[in-house]
Amino acid sequence: QVRLVESGGGSVQAGGSLRLSCTSAASTLTLRRYCMAWFRQRPGLEREGVAWIATSGGTTYADSVKGRFTISRDNTKNTVYLQMSSLEPEDSAMYYCAADSVRCWGTSFTHWGQGTQVTVSS
C-alpha cells in the first residue's frame, strides 16, 4: 500500500536546483512521528540513501550530496522536502521518499512512495 507521494521532479541543467516534496497520501501517516528519508535509484544500480531526517530534526547525508542537498520537514504541512542544488548529471535518478517509525539509517524503511524522476543534463 503506497502511503507516500513525491513531487517536484523534472529536468534541469547541470548546476541547477530542484526541490522535491513528500507528503502522506490521504493523510494516512503523520510524518512528524516518523524518521523520513530520501533514496534514489540510478539505472542499473541499487537503491541508495541520500538523506535522512529524524523526528528530532537531526539530519544525515550521503557523502555524495553533502553540501549540495538539504532535507527538511514542515510538520504543519505534513511534508518533507529535499532541496537539491548544484545538481550534476550523476544525480539523475528516480527519487523515493520513505518513512519508518523505528530506524533512521540504512535502506530498510517500512513505507515508500512511488518515486519522482530527476534528470540533470550536462
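Residues numbered from 1 in each chain as written. Predicted model: local features only at pLDDT ≥ 70, side-chain atom pairs only at ≥ 80, totals over all residues. Heavy atoms only, no water.

### Things to note about the state of the cysteines
Taken as a whole, this structure holds two disulfides when the rule is applied. Cys 22 shares a disulfide with Cys 97; S-S distance 1.9 Å. One disulfide, between Cys 22 and Cys 97, carries an S-S torsion of -75° and so falls in the left-handed class. In this pair, Cys 22 sits in strand S3 (residues 18–24) while Cys 97 sits in strand S9 (residues 93–100), placing the two residues 75 residues apart along the sequence. Just as Cys 22 is buried, Cys 97 falls in that class too. With a sulfur-sulfur separation of 2.0 Å, Cys 35 is cross-linked through a disulfide to Cys 104. Negative torsions about the S-S bond denote left-handed disulfides, and the value of about 70° found for Cys 35 with Cys 104 makes this one right-handed. Placement of the pair is Cys 35 in strand S4 (residues 35–41) and Cys 104 in the loop between S9 and strand S10 (111–112), with a sequence separation of 69 residues. On the basis of relative accessibility, which here comes to 5%, the residue Cys 35 falls in the buried class. Here the bonded cysteines of the protein are numbered in sequence order, and their pairing is 1-3, 2-4. (Disulfide = S-S within 2.5 Å. Helix = DSSP H or I, 4+ residues; strand = E, 2+ residues; numbered from the N terminus. Buried < 20%, exposed > 50% of the residue type's maximum accessible area, 1.4 Å probe, protein only.)

### Structural notes on the pairing of S4
With six of seven residues buried, S4 is to be regarded as a mostly interior element. For S4 and S9, the ladder comprises seven bridges, and the chain directions are antiparallel. If you follow Phe 39 over to S9, its bridge partner there is Tyr 96. Pairing geometry for S4 and strand S5 (residues 48–53), over five bridges, is antiparallel. The residue bridging Ala 37 from the neighbouring strand is Trp 52, located in S5. Between the end of S4 and the start of S5, which pair antiparallel, lie six residues, with Gly 44 showing a positive phi angle near 80°. (Pairing = 2+ DSSP bridges.)

### Remarks on the pattern of salt bridges
Counting across every chain of the model gives six salt bridges. Close ionic contact of Lys 66 with Asp 63 constitutes a salt bridge, the shortest N to O distance being 3.2 Å. Given a relative accessible area of 65%, Asp 63 falls into the exposed group. Taking the shortest distance from any N to any O, the salt bridge between Arg 68 and Asp 91 comes out at 2.7 Å. Within this pair, whereas Arg 68 is found in the loop between strand S6 (59–61) and strand S7 (69–74), its partner Asp 91 is found in the loop between strand S8 (79–84) and S9, the two being separated by 23 residues in sequence. Since its relative accessible area comes to 1%, Asp 91 is described here as buried. Each member of the salt-bridge network shares a partner with another, and the members are Arg 40, Arg 42, Glu 48, Arg 68, Glu 88 and Asp 91. (Salt bridge = Lys/Arg side-chain N within 4 Å of Asp/Glu carboxyl O.)

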